[in-house]
Amino acid sequence: MGILETVIVCCVVLLVGAVVGAVLNHWFQRVSKAGAEKNAENIREEARRDAEHILRDARVSAKSEVIKMRDECEAELKERRREQSAAERRINQREEVIERKMDAIEQRTGEIEKQERDIAALRERLSNREQDLQQSISRQIDELQRIAQLDREEARTMLLEKLKNEVKNESGIMVRDLLEEARQKAEKEAKRILTYAIQRYASDCTYERTTATIPLPNDELKGRIIGREGRNIRAIESATGVSILIDDTPEAVVISCFDPVRKEVARQLMERLISDGRIHPTRIEELVKKISKDLDEEIYSAGEAAVLETGIQGVSPQVIKLLGRLKYRYSFSQNVLQHSLETAYFMGMIAAELGFDEQKAKRIGLFHDIGKAVDHEVEGPHAQIGADILRKNNEAKDVIAAVAAHHGEVEPTGPFDVLVSACDTLSASRPGARSETTELYLKRLEQLESIAHDFPGVESCFALQAGREVRVVVTPEKISEGEAQMLAKDICQRIEQEMSYPGQIKVTIIRETRSVEYAK
């Protein structure tokens with residue numbers, strides 16, 4: 001093959017290669033374009049699915065947020081409605097108090113208007129009297145001038161002095177009559193209020209009696225209670241803190257303790273041991289723990305029931321527990337918790353009649369003897385102990401002051417101080433409230449005064465506050481200041497040795513020196 005042919009063949013081969021390359025390039029471009037479109041379609045589909053997921057998640061999140069916001073709005077709305085209801089109740093209570101005060105003011109205004117009318121009538125009578133006297137003065141002046149030959153000014157002076165004395169005397173008599181009338185009306189109104197309170201509170205006149213005597217089926221059980229070498233009775237006394245008397249009473253066990261709650265624990269323990277028959281130290285300890293726990297719950301329930309029954313609010317748990325302890329405390333066989341409830345009711349009814357705060361009055365009446373719940377543990381009068389307890393539990397100052405003053409150890413400073421003392425006496429002295437007879441009561445007062453009279457230098461003595469205090473007046477020339485203090489201790493010692501009495505008795509020695517001279 002020649003060179004020309006070779007060149008031609010090479011050209012043809014190059015041309016065929018170029019055509020094949022162009023065809024292949026075109027085919028590759030079409031294939032690449034189809035793949036890109038497919039990839040783009042896949043990307044768009046994936047993006048659409050991701051967008052749908054995001055949109056769905058956003059809708060769920062938005063819906064949850066809306067529900068949360070709606071719940072918060074509803075809770076806030078409920079809280080505002082509750083606050084509004086509480087505010088409305090407080091406003092209604094204030095309106096009731098204001099209405100009662102307005103009624104009392106209107107009643108007092110009526111009384112004042114009546115007194116003003118009486119005074120106006122008195123002034124009118126005095127004016128008429130003055131006119132009559134002026135006419136009489138003129139006639140007497142003329143007569144005096146004629147008889148005594150006095151001038152008009154001298155006669156006028158004499159008659160005015162006489163008139164002044166007559167008017168002063170008549171005015172004093174009329175003022176005295178008005179004061180006497182007002183005093184009688186006040187006494188009548190006070191009696192009406194007290195009678196109304198007693199009639200409204202129709203409590204049962206019977207009273208409960210407590211006993212520390214536990215009956216036994218037979219005397220043989222006493223040996224089991226004592227135990228071998230006295231281990232059972234020692235375990236009972238150690239676990240409960242009481243004294244057990246075995247040999248004094250046949251077929252009975254006597255429990256002695258100053259703490260009424262411990263006495264109740266010992267009483268229930270003894271009854272369960274007798275009924276169960278298993279008497280040994282381990283059983284005793286188990287029963288004491290169980291009874292003490294049950295009694296604590298019962299004490300709190302009793303205090304809570306008293307608070308709910310009187311309708312007072314905001315009482316601390318410590319005060320509720322002390323109120324419940326009064327259920328097992330008795331004074332002259334009168335249950336102290338029942339006495340406190342009666343005093344609270346009397347306080348509330350009388351306060352409502354007088355236009356005072358009824359809730360505060362009930363609060364004072366319910367708390368006034370709370371010191372008796374721990375007076376066997378703390379020294380001092382129960383009124384002061386109760387005031388200290390309420391002070392520690394953040395009670396109002398007027399409530400504390402009324403409780404401290406209800407037996408006269410503290411001078412009264414407000415109307416509630418006097419009212420709680422009256423209601424306390426009202427509850428204690430109503431028929432059947434206390435078991436002590438009048439003869440025993442008078443005998444105790446006479447014995448108290450007789451003991452004080454036996455000491456040399458005593459001039460006179462007086463038993464006060466239902467026998468809770470004795471005041472001894474001594475001769476200052478015979479008893480010095482130091483001897484007066486020793487005399488008080490000696491009288492207290494004899495009272496403790498010779499008398500049986502509830503609570504404590506205050507002995508006050510009064511030594512007074514008076515110097516009197518006359519100027520001649």
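Per-chain numbering applies: the sequence of each chain, read as written, is numbered from 1 onward. Two thresholds apply to this predicted model, a pLDDT of at least 70 for residue-level local features and 80 or more for giving and counting side-chain atom pairs, whereas whole-chain, interface and lining totals are computed over all residues. For the side-chain quantities, the full set of heavy atoms in the structure was used; hydrogens and water were omitted.

Draft legend 1. Spatial organisation of the overall build of the protein. Helix numbers and strand numbers start at the N terminus; a helix is a DSSP run of H or I with at least 4 residues, a strand a run of E with at least 2. Within the protein, the regular secondary structure consists of 14 helices and 8 strands. Counting every position in the protein, which comprises 520 residues, the buried fraction comes to 31%. For the protein, restricting intrachain contacts to residue pairs at least 6 apart in sequence, the fraction spanning at least 24 positions comes to 60%. Each accessible area is a Shrake-Rupley result for a 1.4 Å probe, and residues are judged covered by the shown protein chains and nothing else. Carbon and sulfur atoms make up 53% of the accessible area of the protein, which totals about 34400 Å². For every residue, the accessible area obtained with a 1.4 Å probe (protein chains only) is divided by the maximum for its type, and the residue is called buried under 20%, exposed over 50%, and partly exposed between those limits. Note on definitions: a residue-residue contact is assigned when non-hydrogen atoms from the two residues lie within 4.5 Å.

Draft legend 2. Structural context of a negative patch on the surface. On the surface, Glu95, Glu96, Glu99, Asp103 and Glu106 cluster together into a negatively charged patch. Counting through the fold element by element, Glu106 comes out in helix H1 (residues 3-147). Each patch groups residues whose relative accessible area exceeds 30% and which form no salt bridge, using 9 Å between like charges and 5 Å between nonpolar side chains of Val, Leu, Ile, Met, Phe, Trp and Tyr. Basic side-chain nitrogens of Lys or Arg form a salt bridge, by our definition, when they fall within 4 Å of a carboxyl oxygen of Asp or Glu. By the counting scheme adopted, Arg and Lys are positive, Glu and Asp are negative, and His together with the chain ends is not counted. Charged side chains are reduced to one point each, which is NZ for Lys, CZ for Arg, CG for Asp and CD for Glu.

Draft legend 3. The arrangement of helix H6 (residues 281-310) in detail. Here a helix's expected span is defined as the number of its residues, less one, multiplied by 1.5 Å. Taking 1.5 Å of rise per residue, 30 residues should cover 44 Å, and H6 covers 43 Å from first to last C-alpha, within 8% of that figure. Within H6, burial applies to Arg283, Ile284, Leu287, Val288, Ile291, Leu295, Ile299, Ala302, Gly303, Ala306, Val307 and Thr310. Elements in contact with the buried residues of H6: helix H4 (231-240), helix H5 (260-276), helix H7 (317-325), helix H8 (336-354) and helix H9 (358-367). Of the residues one or two after H6, Gly311 is the one with positive phi, at around 80°.

Draft legend 4. The arrangement of the sheet that holds strand S2 (residues 243-245) in detail. Pairing in this open sheet of 3 strands is antiparallel, and the strands run S1-S3-S2 from one edge to the other. This sheet does not close on itself; its edge strands, each paired only once, are strand S1 (213-215) and S2. Going across the sheet, the axis of each strand differs from the next one's by a mean of 25°, ignoring polarity. Strands pair, by our definition, only if DSSP identifies at least two bridges between them. Two elements, S2 and strand S3 (residues 252-256), share 3 bridges in a ladder whose sense is antiparallel. In the sheet register, Ser243 faces S3, and the bridge partner there is Ser256. On top of the sheet, H5 reaches S1, S2 and S3; it is set at about 10° to S1, its chief contact. Helix axes are fitted only over the stretch in contact, all axes being lines through C-alpha atoms; the angle between N-to-C directions runs from 0 to 180 degrees.

Draft legend 5. Just the pattern of salt bridges, in detail. Tallied over the entire structure, the rule returns 17 salt bridges. One salt-bridge network, in which partners are shared between bridges, spans Asp259, Arg262, Arg325 and Glu377.

Draft legend 6. A look at the nonpolar core. Ranked by size, the top nonpolar core spans 41 residues in total, and within it Leu323, Met347, Leu366 and Phe367 carry the most contacts. Of all the secondary-structure elements, those providing two or more residues to this core are H6, H7, H8, H9, helix H10 (382-392), helix H11 (397-404) and helix H12 (415-429). Looking at this core, the element that brings in the most residues is H8, giving 10 residues. Apart from the residues lying within four places of it in its own chain, the contact partners of Leu366 are Ala306, Val307, Thr310, Ile312, Leu323, Ser340, Leu341 and Ala344. Put simply, a nonpolar core is a bunch of buried Ala, Val, Leu, Ile, Met, Phe, Trp, Tyr and Cys residues held in one set by side-chain atoms that sit within 4.5 Å of each other. If you look at the next biggest cluster of nonpolar residues, it comprises 28 residues, including Ile214, Leu216, Ile279 and Leu295.

Draft legend 7. Region of interest: the sheet that holds strand S6 (residues 458-464). Overall, mixed pairing links the 3 strands, which are arranged S6-S7-S8 in an open sheet. Taken across any chain shown, the strands that pair with only one partner, and hence form the sheet edges, are S6 and strand S8 (506-511). Going from strand to strand, the sheet's axes swing by 20° on average, the running direction of each strand aside. When strand S7 (residues 469-474) meets S8, the two strands line up parallel, connected through 6 bridges. When the bridges of S8 are listed, Val470 appears paired with Val507. Those strands touched by helix H14 (residues 481-498) are S6, S7 and S8, and its axis lies near 150° from that of S8.

Draft legend 8. Representation of the pairing of S3 in the model. S3 sits mainly inside the fold: 4 of its 5 residues count as buried. Strand direction decides the pairing type here: S1 and S3, joined by 3 bridges, are antiparallel. In the sheet register, Ile214 faces S3, and the bridge partner there is Val253.

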